Each structure stands twice: as structure tokens, then as C-alpha cells.
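Coordinate analysis (summary)
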Amino acid sequence: MGKPDEVKLLGIWASPFTRRVEMALKLKGIPYGYLEEDLENKSSLLLALNPIHKKIPVLVHNGKTIIESHVILEYIDETWKHNPILPQDPFHRSMARVFARLVDEQIINVGFISLAKTEKGRESLVEKTRELIKYLEKELAGNDYFGGKTVGFLDLVAGSVIPFCLERAWEGMGVEVITEEMFPEYNKWVKKLNEVEIVVACIPPREKHILHMNKMGEKIRSA
Ligand SMILES: N[C@@H](CCC(=O)N[C@@H](CS)C(=O)NCC(=O)O)C(=O)O
């Protein structure tokens, strides 16, 4: 038997990018050490490991550094092949990557800008967010998860960002964006996600998180 794997994750508790990596490690049952970073005062370890972006999450596996959460999820999936995260079929795999980019490059941006706006300016961004979420609603139709019967890549990416980050920010502001009537499939999916042990184990504590997102919104608005 070879030496046991040494896995370390640098992250922050409220970061959806960190949360999804923890979910993936738990899904695979990989033991890991977790180092909480302080983004106001980044550690020399973080700066040394990720000099390009100076961002979390960073995964260190047997001395090798992997950055960028989508890349980390793929690395984890390719390194430990049991309980696959990405779809096995190349077409489905490519679609999961496309929708994951939609979440991280568009939905998260529009969602976060909406925190910066006053009530009136927020309306059009909320509408824009809904337009984007319609693509996910269509993708979910007839499935428990984006991954089919079990959680997969897009569930981890979208789940960490939308219900367990953006929706909490909107909730703190008293804005309802993704209603049951408008998005029944999405809301069914969130209920299912709330039953998945590895997901629940990784989402930030609700009240603390809502306060954190409120503070973040105030900071963005007063900038
Ligand atoms: N594309 C990156 C985004 C990671 C990211 O934005 N991390 C934020 C925290 S949520 C960060 O480290 N920010 C520090 C900074 O921008 O200086 C990923 O998917 O890992």
C-alpha cells in the first residue's frame, strides 16, 4: 500500500467556491485538512500557493497545488474515480460545464450587482437573473438533480451559489427572486439538495450567513 494522500483545502466559510470543493471531497469520502483564510489579511501560504489570483479555494494534494474551483472539482473527479461528479457521457459533460459557466460567469455577477442597487434599480437585475435561471429550470425538468438521480458537477456549482448564497442575500434584503410559482423545478431541486448529507454538511450556517451577506451588500452599496 502507498502512502496515504495528503489533502489540504484553503478557503473561507462563506465562499460558495470553497463550499463546493468541500462537498466534492465529502462526496468522494476523502479526508482533508481545512485552513480558514482571512481575505482582509491573506496568509503568506495563500499568496505563495496562488500568486496568480491570490484567491481561495486552493487545494493541495500531496504537495501539488490546484486552483480555480471548477478545475479543482475536475481534478478531484479524475484523481478519485469512485462516486463520479462529472457526467460520464461527453455531451452531458460538456453541457454541465456550459451551465456551470452560466452560473459562475453570469448568474453570480448579475446577482451580486443586484445587491449594490437601490430598490428601483434592482428590479431589472432581478428580472435578468430570472431570465438566466429559466435555462436551469428547463435543464432540471423531469430530474431530481442536474446530475440525474444523484448530485453531480452542476449541482455542486449551482447549489453552492444560488440557493445557499445568492438567495440568502436576497432574503436578507426582503426580495423574493425565484418563487415556487415561477420556478417549480428549481424549488423542487433545492428541497432535494437540502436532503443530501454532503451538501447540508457544507453549507454555511443560515443566520450567520444572512448577516454576512447583509454586511457585504451594505459595503457594496456604500462603496
Ligand atoms: N473563479 C474562482 C473564484 C474564486 C473567488 O472569487 N474567491 C474569492 C472569495 S469568494 C476570493 O478569494 N477573493 C479574494 C480576492 O479577490 O482578493 C474559483 O472558481 O475558484
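Since this is a predicted model, take the numbers as computed values, not measurements. (Residues numbered from 1 in each chain as written. Predicted model: local features only at pLDDT ≥ 70, side-chain atom pairs only at ≥ 80, totals over all residues. Heavy atoms only, no water.)

1. Some words on the layout of surface pockets
Approximately 1,100 Å³ is the volume found for the largest pocket. As for the largest pocket, its lining consists of 35 residues, of which Ile 12, Ser 15, Phe 17, Leu 39 and Met 216 are closest to the centre. Residue classes in the lining of the largest pocket are distributed as 17 nonpolar, six polar and 12 charged. Formed jointly, the lining of the largest pocket draws a minimum of three residues from each of two domains, domain 1 (7–79) and domain 2 (90–222). (1 Å grid on protein atoms, 1.4 Å probe; cavity = no way out; pocket = protein on both sides within 12 Å on 5 of 7 lines; lining within 4 Å. Points joined across faces, edges and corners; volume = space filled by probe spheres on them. Nonpolar A, V, L, I, M, F, W, Y, C, P; charged D, E, K, R; others polar. Domains from an automatic or database assignment.)

2. Considerations on the UniProt feature "domain: GST N-terminal" (unreviewed entry) in the protein chain
Mapped onto the present numbering, the UniProt feature "domain: GST N-terminal" (unreviewed entry) falls at residues 5–84. Here residues 5–84 is 38% helix and 21% strand, with 19 Å between the C-alpha atoms at its ends. (UniProt positions renumbered as here; feature names shortened; annotations may be inferred. Helix = DSSP H or I, 4+ residues; strand = E, 2+ residues; numbered from the N terminus.)

3. Looking at the UniProt feature "domain: GST C-terminal" (unreviewed entry) in the protein chain
UniProt marks residues 89–216 with the feature "domain: GST C-terminal" (unreviewed entry), using the numbering shown here. Annotated as residues 89–216, this span is 74% helix and 0% strand, and its ends, taken at the C-alpha atoms, are 39 Å apart.

4. Structural notes on unusual backbone geometry
A cis amide bond, omega 5 degrees, links Ile 56 with the succeeding residue Pro 57. Structurally, Pro 57 can be placed in the loop between α2 (44–49) and β3 (58–61). Positioned with a positive phi, Glu 68 is a non-glycine residue whose angle comes to about 75 degrees. Note on placement: Glu 68 falls in the loop between β4 (64–67) and α3 (69–79). A relative accessible area of 40% means that Glu 68 is categorised as partly exposed. (Buried < 20%, exposed > 50% of the residue type's maximum accessible area, 1.4 Å probe, protein only.)

5. With respect to the packing of helix α4 (residues 90–116) against helix α9 (residues 206–222)
Remark: α4 packs on α9, axes separated minimally by 7 Å, with the N-to-C direction vectors making an angle of 70 degrees. Overall, the two elements α4 and α9 adopt an arrangement that is roughly perpendicular. Of α9, the residues touching α4 (which contributes Phe 112, Leu 115 and Ala 116) are Met 213, Met 216, Gly 217, Ile 220 and Arg 221. (Axes fitted to C-alpha atoms, helices over the stretch in contact; angles between N-to-C directions. Parallel < 35°, antiparallel > 145°, perpendicular 65-115°, else oblique. Contact = heavy atoms within 4.5 Å.)

6. Structural notes on the domain arrangement of the protein chain
The assigned domain composition of the protein chain is domain 1 (7–79) and domain 2 (90–222). Each of domain 1 and domain 2 has a C-alpha centre, and these two points are 21 Å apart. With 16 residues of domain 1 in contact, the opposing surface of domain 2 contributes 23 residues. Both faces considered, domain 1 and domain 2 share a buried interface measuring about 1,700 Å² in area, 74% of it formed by carbon and sulfur atoms. The three residues of domain 1 that bury the most area against domain 2 are Trp 13, Met 23 and His 70, which together make up 38% of that side's buried surface. Here Asp 104 ties to Arg 20 by a salt bridge, and the two come within 2.7 Å at their closest N and O atoms. One can count seven residue pairs in polar contact (both at pLDDT 80 or more) joining domain 1 with domain 2. Of all the elements in the fold, those that place two or more residues in the side of domain 1 that touches domain 2 are α1 (16–28) and α3. With nine residues, α1 is the largest single contributor of residues to the side of domain 1 that touches domain 2. In terms of residue class, the side of domain 1 that touches domain 2 is built from eight nonpolar, two polar and six charged. (Buried area = accessible area lost by both parts, 1.4 Å probe. Salt bridge = Lys/Arg side-chain N within 4 Å of Asp/Glu carboxyl O. Polar contact = N/O pair within 3.5 Å; in protein donor to acceptor, adjacent residues only side chain to side chain.)

7. Notes on the sheet that holds β3
Within the open sheet, the four strands sit side by side as β2-β1-β3-β4. Their pairing is mixed. Edge positions in the open sheet fall to β2 (33–36) and β4, since each of these has one partner strand only. Between one strand axis and the next, the sheet turns by 20 degrees as a mean value, whatever way the strands run. In this structure, strand β1 (residues 7–11) lies alongside β3, joined through four bridges in antiparallel fashion. By the bridge assignment for β3, Lys 8 is matched with Val 60. Across the sheet, α3 touches β3 and β4, and the angle it forms with β4 is around 130 degrees. (Pairing = 2+ DSSP bridges.)

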